[in-house]
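What the coordinates show
In case you want the letters, here they are:
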Amino acid sequence: LLAYKEVKIISIKRSNKMKSIFKSYISINFTLVIFLTLFTFCSSPVESDAVNSQEYDLTKQLELLDLEELSPEETDGLLFMREEEKLARDVYLVMYEKWDVRAFSNIAKSEQKHMDAIKVLLDRYSLNDPVTDDKKGKFINSDLQKLYDQLTVMGSESLLAGLKVGAAIEEIDILD
């Protein structure tokens, strides 16, 4: 329960910061790029050929848009989102290995698609990918590392706890 409250506090702080950033700095074109990216990657199966095809299609679609300079806040947001999606994927993979519930595996695949979509944007803006080590449970952001550690311990207590961890991850995503 204490770890869950800490997760909530982290997500609320992050949420307030993100609200401020999005209200102040994101341009209409950048918002369109994010929407287009997530829509493209979230609307089809997670087959490796499909993902490669989507990356190609998305890259071609993005090339039609002017490349605007990102603010420091937008850059930080993209870098954070890339690792945050990795955290979600990694936690779901741990929950799948622990509880053998197919939903965890399916959601992990979706989180991988989100990671891939953000990677396309990182490449487009020539940003260094914070996911330098794609090993499960390894993060550059120390807050995300702590959160991963907490969530995997909590979710390993029982299947119900694992499901609650999944719900917490989705709530954090919604708030962010």
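Structural notes, computed from the coordinates. (Residues numbered from 1 in each chain as written. Predicted model: local features only at pLDDT ≥ 70, side-chain atom pairs only at ≥ 80, totals over all residues. Heavy atoms only, no water.)

**Regarding the environment of H114**
Going by this rule: Going along the chain from the N terminus, every DSSP run of H or I of four or more residues is numbered as a helix, and every run of E of two or more is numbered as a strand.
For H114, the location among the structural elements is in helix α5 (residues 102–124). Sequence separation between H114 and A88 is 26 residues, and the spatial gap between their C-alpha atoms is 10.0 Å.

**Topic: the pattern of salt bridges**
Short version of the rule: By convention in these notes, a salt bridge is any Lys or Arg side-chain nitrogen within 4 Å of a carboxyl oxygen on Asp or Glu. Each residue gets one of three labels from its accessible area relative to the maximum for its type: buried under 20%, exposed over 50%, partly exposed in between, using a 1.4 Å probe on protein chains only.
For the coordinates displayed, the defined rule picks out six salt bridges. Note that E97 is salt-bridged to K136, the shortest N-O span being 2.4 Å. One end of the pair, E97, is in helix α4 (residues 72–99); the other, K136, is in the loop between α5 and α6 (142–155), and 39 residues separate them in sequence. Judged by its relative accessible area of 55%, E97 falls in the exposed class. With its nearest N and O atoms 2.5 Å apart, the salt bridge here joins K119 to D123. With a gap of four residues between them, K119 and D123 both fall in helix α5, about one helical turn apart.

**What to know about the side chain of E84**
Counted only if it meets this: We call two residues in contact whenever any of their non-hydrogen atoms come within 4.5 Å of each other.
Inspection of the secondary structure assignment puts E84 in helix α4. Excluding residues that lie within four positions of it along the chain, E84 makes contacts with L144, I172, D173 and D176.

**A word on a nonpolar patch on the surface**
The condition is simple: Think of a patch as exposed residues, more than 30% relative accessible area, with no salt bridge, where like charges cluster within 9 Å and nonpolar side chains (Val, Leu, Ile, Met, Phe, Trp, Tyr) cluster within 5 Å. Each accessible area value is a Shrake-Rupley result obtained with a 1.4 Å probe; residue values ignore everything except the protein chains displayed when judging cover.
A surface patch of nonpolar side chains, about 270 Å² in accessible area, is lined by L159, L160 and L163. Position of L159 relative to the elements: it lies in helix α7 (residues 159–175).

**Notes on the packing of aromatic side chains**
Quick note on the threshold: Any pair of Phe, Tyr and Trp rings, taking the six-membered ring for Trp, is counted once the centres come within 6.5 Å. Such a pair is stacked with planes under 30 degrees apart, edge-to-face with planes over 60 apart, and tilted for the rest. A ring has a charge above it when a Lys NZ or an Arg CZ is no more than 6 Å from the ring centre and no more than 35 degrees off the ring normal.
The final tally for this structure, using the stated rule, is two aromatic pairs. Residues Y92 and F104 carry aromatic rings whose centres are separated by 6.3 Å and whose planes lie at 35° to one another, so their mutual orientation is tilted. Placement of the pair is Y92 in helix α4 and F104 in helix α5, with a sequence separation of 12 residues. A relative accessible area of 2% means that Y92 is categorised as buried. According to the relative accessible area criterion, F104 is buried, its value standing at 3%. Aromatic side chains F139 and Y148 sit 5.5 Å apart centroid to centroid with 50° between the ring planes, which places their arrangement in the tilted category. Judged by relative accessible area, F139 falls into the buried class, the value being 11%. Its end group placed over the ring of Y125, R124 keeps NZ or CZ at 6.0 Å from the ring centre.

In short, shape yes, function no, at least from these values alone.
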